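Observations on the model geometry
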Amino acid sequence: MAVAGLLEKVRNGLAKTRSAMVARITTAISGDALDEEAADEIEEILIQADVGVDAAVEIVDRLRERLRRAESGAEQIFVSLRKELCQIAGGGVPFDPGAELTGKPHVVLVVGVNGVGKTTTIGKLARLYRDSGRSVLLAACDTFRAAAVPQLEIWAERAGANIVRAQQGADPAAVAFDAVSAALSRDTDVVLVDTAGRLHTKVNLMEELKKVRRSLGKQCQGAPHETLLVLDATTGQNALSQARQFHLATEVTGLVLTKLDGTAKGGIAFALRRELGIPIKLIGVGEGEDDLQPFDGETFVEALLER
Amino acid sequence: MFDRLTERLDDVFRKLRGQGRITERNIDESLREIRRALLEADVNFQVARSFLHAVRDKATGREVLRSLTPGQQMVKIVHDELVSLLGRQMEPVKLADHPPTVILLVGLQGCGKTTFAGKLALDFKKRGRPPFLVAADVYRPAADEQLRTLGGSIEVPVFGLAETGEDADPVEICRRGVEAARKSNRSVVILDTAGRLSIDDEMMDELVEIRALMHPHEILFVADSMLGQDAVETASRFYERLAFTGSVLTKMDGDARGGAALSIREVTGQPVKFICTGEGLEALETFHPDRIASRILGMGDVVSLVEKAEQVFDGEKAEKMEAKLRQEAFSFDDFREQLQAIKKMGPLDQLMGMIPGAGKTLKGVQLDDNAFVQVEAIINSMTAKERVQPQILNGSRRQRIARGSGTTVQDVNRLVKQFQSMQKMVKQMSRMKPGRMKMSMPFA
Ligand SMILES: Nc1nc2c(ncn2[C@@H]2O[C@H](COP(=O)(O)OP(=O)(O)OP(=O)(O)O)[C@@H](O)[C@H]2O)c(=O)[nH]1
Ligand SMILES: Nc1nc2c(ncn2[C@@H]2O[C@H](COP(=O)(O)OP(=O)(O)OP(=O)(O)O)[C@@H](O)[C@H]2O)c(=O)[nH]1
Ligand SMILES: [Mg+2]
Ligand SMILES: [Mg+2]
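The structure presented is a predicted model; accordingly, all values stated were derived computationally and were not measured.

Considering the interface of chain B and chain A
In this assembly, 36 residues from chain B lie in contact with 37 residues from chain A. For the side of chain B that touches chain A, the elements supplying multiple residues, two or more each, are helix H2 (24–40), helix H6 (143–153), helix H10 (231–242) and helix H16 (348–353) of chain B. Class assignment for the residues of the side of chain B that touches chain A results in 13 nonpolar, 11 polar and 12 charged.

Brief notes about the site of ligand 2
In the vicinity of ligand 2 lie 26 residues, with Asn114(A), Gly115(A), Thr114(B), Gly195(B) and Cys276(B) positioned nearest. Ligand 2 sits at the junction of chains A and B, each of which supplies nearby residues. Ranked by the residues each element gives to the shell around ligand 2, the list is headed by helix H5 (residues 113–126) of chain B, at three residues. When its residues are assigned to classes, the shell around ligand 2 shows six nonpolar, 13 polar and seven charged.

Thoughts on the site of ligand 1
Neighbouring ligand 1 are 27 residues, the closest being Gly117(A), Thr120(A), Gly197(A), Gly284(A) and Gln109(B). Flanking ligand 1 are residues from chains A and B. Of the residues belonging to the shell around ligand 1, the class tally is five nonpolar, 14 polar and eight charged.

Quick look at the domain arrangement of chain B
Residue and element names in this part refer to chain B. For chain B, the assigned domains are domain 1 (2–86), domain 2 (101–290) and domain 3 (315–439). Counting only elements with at least two residues in the side of domain 1 that touches domain 2, the list comes to helix H3 (45–59) and helix H4 (70–86). No other element matches the four residues that H4 contributes to the side of domain 1 that touches domain 2. Here the side of domain 1 that touches domain 2 is composed, by residue class, of nine nonpolar, one polar and one charged.

Conventions adopted
Residues numbered from 1 in each chain as written. Chains lettered and ligands numbered in written order. Predicted model: local features only at pLDDT ≥ 70, side-chain atom pairs only at ≥ 80, totals over all residues. Contact = placed C-beta atoms within 7 Å. Helix = DSSP H or I, 4+ residues; strand = E, 2+ residues; numbered from the N terminus. Nonpolar A, V, L, I, M, F, W, Y, C, P; charged D, E, K, R; others polar. Near = placed C-beta within 6 Å. Domains from an automatic or database assignment.

Here's what the structure looks like:
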């Protein structure tokens, strides 16, 4: 269900741009071999999906290599391209909210630049965990942005999760500490930590994030057990810079790609996967509670190259 | 990056040296480098293509000026072309003949509309035009409260669900909001709407309806400067439905190169009107095409840096400082004051990013704001007399200062030395003509 539903959502989003893209690929490889023109066309299509120049060039090179070994016709080229993309995008254990959790509480730190969808993702994630029978506590560590806490409170209510909050302007690391304490005393299964959006270039804000991270581990060994970096699928090449800096500061264990229900294709995921090797774990496909899906490489590529 | 592009182009043109002319034969390779630079800056593929055609026409057959390398010349042609496409002059917001002026904000989710609404309101308020905010987002959790908090912080009235009752839809909120603004004689009404996807027909219809009913004088498309290739698709869909009259680029305080600006301008023909450079409500700037052009090409934003500096080093203080420098009475107190001013300008690494070439020379150097903290601690541990007459700083005084500031005597020595060489520099500069002193900063 999940996969079919996801495909449907992403398909809807891509529907309007998809047909043109497929038509172009098919025309480009209507000849029997991957000639220069076809290779250029594929490279162009990848760049237009935000894959980035370097990654696109490399993918096309590898495609050439692949086709040298095999017989190539239009069909074969298409299959190979899909394989190539799957190889880059895939890997990693698919996210499963019902799987056994490391740590009690299992602490998930959610980070990212401004407005990418951290708080919404937390709301949706809380829903997923609640649906698999887990107790959930949200830590409102965004004490900075206007109405960040009320926003998270509404999500907590929707998902049936508890929340630990503090005054506007309070030290986020202190809130993080209190949240883990509360989770320990209430025997909560999962703590989801919402942090304020911050640009990766701001040294002091990245330091603040490190402090939040350290403070999570003070009472609960191994916490955070998961650090999710949320990226907006509409983002272009800057996502690379974001991922590098956040990874440096917080040791990111997984990526969440949001807003894939729009027209953006999220091709930056390939460049990220290629450069940093961090698995994409979840994708956001809407603003509703149920619009978070485990990432599946094949489905993702399928939706991108759908024909 | 700009330097890298220039270098790369110089390599390309090396063969060309002595020819003194950019020729068609050699231009292709350089266009490839430029194409890459544009794509890395997230300029849309198609937009980049037509742009390169224009550059090719402009560049072919051009004489290489003696004062420039061919790479520099090529970059200049590209830069000028970018500037002319981005729009030559900045265009302010159109104001209504009969107030209130109605401004409608639209855009994708999370791009920064609500924050920008607060910024724009503050800007109008400062310029003596009482603004009025309308919260027409009934979808995002706590959207109304977010705008209310922002409005409250700048003492601007906010109209929303609390005034209309919970059942009102966005069209109704806008209608009654503008009415309320008119009644209370506000001169500008800013309508903040929910973020939406351009392919969400129902949500786009809502905006079309608001537009038809309210006849906004200005519709601003708010766009995240980090947008990738999709900027074209999204902007043209919003433009098709709403014919927006300008755009706003947000989150420019990061390191995104902002190629989306060119894409949006190119496909809609509408000017960029504002630049947002921070989460605080004062972080609003007007648009300067040349700065964005430099940024797209990866060149440091020198003009912004200078402006920023001028803001914090206010005129009077700068003059006083200059007079002091002329009298060679520059003390550690002044030094500390300058440090504090620099700190106000923002994180160091961000400042350095604005200086062309700095990225290259400073690569690997950890630019730590803590370095400032240490210097300040040392100065704070000096007595008033020591700060004014640093020459009395003997060994035992230095030891005391080190202890007091939690640093080492070496640290103190280093600072005193730096300070002395600064004094020397200042002495030399004070022989230069007046007015040139504004930018003299420690470490500069
Ligand atoms: N279409 C769509 N919108 C989304 C998705 N995820 C989040 N959003 C919307 O994006 C906007 C920003 O989401 P938030 O969750 O507030 O983002 P954030 O990262 O917490 O923002 P800050 O805390 O301000 O940095 C909201 O309008 C969300 O409804 C998604 O997957 N698809
Ligand atoms: N660093 C930085 N952050 C910004 C800027 N403008 C807005 N933000 C932040 O971006 C996030 C989203 O801003 P909002 O104003 O809520 O965006 P929005 O478009 O109203 O979002 P929706 O209503 O959910 O569509 C918040 O965390 C803001 O503080 C900016 O210029 N620089
Ligand atoms: Mg948030
Ligand atoms: Mg908003």
